[in-house]
Each structure stands twice: as C-alpha cells, then as structure tokens.
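Secondary and tertiary structure notes
The lines below spell out each chain.
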Amino acid sequence: MPYETLQADRFMQTGDQIAILKTVTDGHCGLHAHDFIELAYVVSGQGHHTVGGERDFIKKGDFFIFNENIPHEYISEGGVPMIMYNCIFKPFSIDQSIREGGDFLDVAYHYLFHSFYSEEN
C-alpha cells in the first residue's frame, strides 16, 4: 500500500532541530512514514494505531516511539478527536556520533544509558 513520507522540514521552523507538535486527529490520519524519530503521547481520546499490519487499541496515557521510515496510521474513535503531543527530531541533530545509526536505540544508548556503562563495556 502506498504511503506518504513526511519530511521534518515541513514541521520545523528554519534552523530548528527539534519540534513539539500538538496533533488533533478527528477520524483517520492516513498511512505515513517520516524522515525523523517521533515520540508520541496520547493526551486524550482513543482509537486504533496500525504499524506493520498490526492494529492496536490506543488511549489517553499511551506513549509511542517511531524510528525513521516506519509506516503507521491512527484512527480516532468514539466521535471524539484524539489529541497527541509529538516530539520530532532527526538523530543527527542531537549528536554527530549517532548520525549513521538513525534510530531511537542509538539515541537511547548515547543519551539515556551511556552513563551506566564504562567505556570498556
């Protein structure tokens, strides 16, 4: 199934490397991917989310992490819009050392878990 690949520049102001967005989905947010990492938090509403052909129920309080180029879609349900906050960024905008990695695991290792390990480990 064809899908649109969204570009970070569409959502960021010139010179920005990260953006926090409020997304309101009233109905269907079509299948799409993007050239950035996305952290998504459901603030209100409920619906379904489809990733890799797997459809899951989502609701207020759910949190998702999407690497680059992962097709997914949202559908709000219950006649109420689903409101989400999205933090988007390209991996290289955080640190040049992860430029080749390109996914959240690289970011997590370098920024969240790196201090737990010595250089040898």
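Whatever comes next refers back to the structure up there.
Description of the structure in this document.

Cut-offs used in this document
- Residues numbered from 1 in each chain as written.
- Predicted model: local features only at pLDDT ≥ 70, side-chain atom pairs only at ≥ 80, totals over all residues.
- Heavy atoms only, no water.
- Phe/Tyr/Trp six-rings, centres within 6.5 Å; stacked < 30°, edge-to-face > 60°.
- Helix = DSSP H or I, 4+ residues; strand = E, 2+ residues; numbered from the N terminus.
- Buried < 20%, exposed > 50% of the residue type's maximum accessible area, 1.4 Å probe, protein only.
- Pairing = 2+ DSSP bridges.
- Axes fitted to C-alpha atoms, helices over the stretch in contact; angles between N-to-C directions.

Right, let's talk about the packing of aromatic side chains for a bit. For the structure shown, the criterion picks out two aromatic pairs. Ring geometry for Phe11 versus Phe36: centroids 6.0 Å apart, planes at 80°, classification edge-to-face. Pair noted here: Phe11 is in the loop between strand E1 (4–6) and strand E2 (18–25) and Phe36 is in the loop between strand E3 (28–34) and strand E4 (37–44), with a separation of 25 residues, a long-range link. Taking the relative accessible area as the measure of exposure, Phe11 reaches 28% and is therefore partly exposed. Arranged with centres 6.1 Å apart and planes meeting at 20°, the rings of Phe64 and Phe66 form a pair that is stacked. As far as burial versus exposure is concerned, Phe64 and Phe66 are alike and both buried.

Pairing within the open sheet is antiparallel, and its four strands lie in the order E2-E9-E4-E7. Both outer strands of the open sheet, E2 and strand E7 (63–66), are each paired with one neighbouring strand and no more. In this sheet, neighbouring strand axes are inclined to one another by 20° on average, regardless of whether the strands run parallel or antiparallel. Pairing geometry for E4 and strand E9 (residues 82–89), over seven bridges, is antiparallel. In the sheet register, Ala40 faces E9, and the bridge partner there is Asn86.

The phi dihedral of Asn69 falls on the positive side, at around 60°, and the residue is not glycine. Looking at the element boundaries, Asn69 is found in the loop between E7 and strand E8 (72–76).

A one-sided burial pattern is seen for E7, the buried positions being Phe64 and Phe66 and the unburied ones Phe63 and Ile65. Across four bridges, the pairing between E4 and E7 is antiparallel. Considered in E7, the bridge of Leu39 is made with Ile65.

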